[in-house]
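Fold and contact review
As a plain string of letters, each chain reads:
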Amino acid sequence: ANRVPSHQHRPLVHFSPSKNWINDPNGLVFYDGEWHLFYQHNPHTPMSVNMHWGHSVSEDLIAWTELPIAIEPEDDVVGIWSGSVVIDWKNTTGFQKNMSTHPMIAIYTWQKQRWQEQHMAYSLDRGRTWTKYSSNPIIPMYNNVSAADRLSDQVVRRPFRDPKVFYHILTSSWILVLTGGDHVQFYRSSDLIHWSLMSRFGLTDGSHGGTWECPDLIEFPQRTLKNRTSLWVLLVSVQRNAPAGGSGMQYFIGTFDGNEFHNIQPPETINWLDYGPDFYAGITFHNIPGYDRRQILISWMSNWQYANSLPTAPLWRGQMTIPRQLQLDLNSYTNRYHLRQTPVQELIRYSKRLITYYHEKLSNMVLNMSRDVYMFNIELHKITKATTIHLKFRENSDKSEYTQVSYIGEKNQIELDRSRSGLTDFYSSYPVQFNMNLDRETLITGRLQLQLIIDRCSIELFVNEGKYTMTSLIFPKDSGYQIDISVDGHEIFINYLELMLFSL
Ligand code: FRU
């Protein structure tokens, strides 16, 4: 949501910057009634250089208000790269001066000519103004390298970035996870300032198709297991060779004792979080309120392959996904743990039900919407191997432009095709089709449930209550508003179909 000039592609219920460039979400934190969204931001041009931390706040995760830049680089060759924010409730840093607000502590990567180290800044006024810690770095790249040598070409530079911090209750300590490029490293501290390296994970686990970035470690208490242990999910963004091409996110499931992460799946297992092309660098919020212990993730809705070529410039480049609640389920059809993702319930407050169908035979139809920001929900019955369903969104009147979502029973596969979605020629492998295989649930039960959020330049698809998701940018040229449904094979029934319009 943006109080910014409207444009044909400007998202309504998704965050985009009023001007210029954004990439990763940073420092996601809830404090004193506000959700904070910081982000990688170049406030001067729509290109990914000269990184700052931009800042927006929201009372409900959907309507965002942009605030002034939070953290600026010292000069134009320094970058303030990705990192996280925590609330120092017990004043372990000693930065707190008055009792009315707690320090917000930002820990981020300071980058200069590929040299990367971890720095700290703090805010004593609810994130409005930030002071850099006077003894940065708090985690140097190599302990034994002098300041003068840091910028010399003699030193090998490896990725060493994207610190994500959380409080670990069992060991009463702060834990920090960062990426070393082809693995992650876990650090521990009692005061957020002095950190010790505890362990590394991942050299031989999961996908290594590209540089590892933006790790996050999340706890899921398992009430059903004996002695109420937790399972932990380690999110890792992989810069290249994800299933839809280019950047994507993988995750590991395991245990964490405050020192080490143990993968409970075979090391060659690869779990992808989203099968679309535009879902990257996602991290979760710190200090989420409520007893239900929601875990909420926001990702950057783009892909490093073409992020710098997106056609919304010169106005802006980059937007965030809808905040998603994450749940860890044991999938009874694969017998594996699996992350389920659903849009946060706060989104529903901005929607109004437009039409609903119940218990009808599904037949070919065109719904004329005259709107381009809505949610489309459908639950179908009697799906078999012979089923083929095509749903075209943002279709124009002569049917030459659309984005197609299909279910192909024969392959038990969801396909998303954006080859005719409008502006596509800014990158060669942008106008293609993406596929995602489903588990056996749909063919065993005959039930398929799809939830789509269409927001001008994007489509977010959640399948079977969020078991599988696919996220994609689209840039329609025409103002096509039709939803065109066609079905093939045999009789299928609609359990329900509903359209919800969004307005802010
Ligand atoms: C991920 C990333 C991070 C880095 C930031 C720089 O998209 O490459 O690893 O900190 O972007 O903007």
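All of these numbers come straight from a predicted model, not from anything done at the bench. (Residues numbered from 1 in each chain as written. Predicted model: local features only at pLDDT ≥ 70, side-chain atom pairs only at ≥ 80, totals over all residues. Heavy atoms only, no water.)

As a further point, take the side chain of Thr93. Looking at where Thr93 falls in the secondary structure, it is placed in the loop between strand E5 (78–87) and strand E6 (104–112). Among the polar contacts listed, one links the side chain of Thr93 to the backbone nitrogen of Phe95, at a separation of 3.3 Å. Beyond its immediate stretch of four places on either side in the chain, Thr93 contacts Asp88, Ile105, Met120, Asp191, Leu192 and Ile193. (Helix = DSSP H or I, 4+ residues; strand = E, 2+ residues; numbered from the N terminus. Polar contact = N/O pair within 3.5 Å; in protein donor to acceptor, adjacent residues only side chain to side chain. Contact = heavy atoms within 4.5 Å.)

Further remarks concern the site of the ligand. Taken together, Asn23, Asp24, Gln40, Met51, Trp81, Ser82, Arg161, Asp162, Glu213, Cys214, Tyr280 and Trp304 are the residues near the ligand. Side-chain polar atom of Gln40 to an oxygen atom of the ligand: 2.7 Å apart, as the coordinates give it. Take Glu213: an N or O atom from its side chain is 2.7 Å from an oxygen atom of the ligand. Calculation on the ligand without its partners gives an accessible area of 320 Å², and the protein chains cover 96% of this total. Of all the secondary-structure elements, those providing two or more residues to the shell around the ligand are strand E1 (20–31), E5, strand E9 (161–168) and strand E13 (212–221). (Near = heavy atom within 4 Å. Areas by Shrake-Rupley, 256 points an atom, 1.4 Å probe, with all protein chains shown as cover.)

As a further point, take the sheet that holds strand E4 (residues 64–71). Taken together, five strands build an open sheet; the order of strands is E4-E3-E2-E1-E20 and the sheet is mixed. A strand with exactly one partner marks an edge of an open sheet, and here the two such strands are E4 and strand E20 (316–317). Note: E1 against E20, two bridges, orientation parallel. What sits directly across from Trp21, in E20, is Arg317. (Pairing = 2+ DSSP bridges.)

Now for the pairing of strand E33 (residues 482–488). Of all seven residues that make up E33, five are buried, and the element is covered over most of its length. In the sheet, strand E24 (residues 365–368) pairs with E33 via four bridges, with the strands oriented antiparallel. Within E33, the residue paired with Leu367 across the bridge is Ile483. Note that strand E26 (residues 388–395) and E33 share six bridges and pair antiparallel. Across the sheet, residue Ile389 finds its bridge partner in E33, namely Val487. (Buried < 20%, exposed > 50% of the residue type's maximum accessible area, 1.4 Å probe, protein only.)

What follows is about the pattern of salt bridges. Close approach of charged atoms allows side chains of opposite charge to pair. Applying the stated criterion to the full structure yields 23 salt bridges. For Lys361, the salt bridge identified is with Glu491, shortest N-O distance 3.6 Å. Taken together, the positions of Lys361 in strand E23 (residues 351–361) and Glu491 in the loop between E33 and strand E34 (493–502) put the pair 130 residues apart, joining distant regions of the chain. Of the residues examined, Lys361 reaches a relative accessible area of 42% and is grouped as partly exposed. The class of Glu491 is partly exposed, set by a relative accessible area of 44%. (Salt bridge = Lys/Arg side-chain N within 4 Å of Asp/Glu carboxyl O.)

In short, the description is geometric, and any link to function would need to be established separately.
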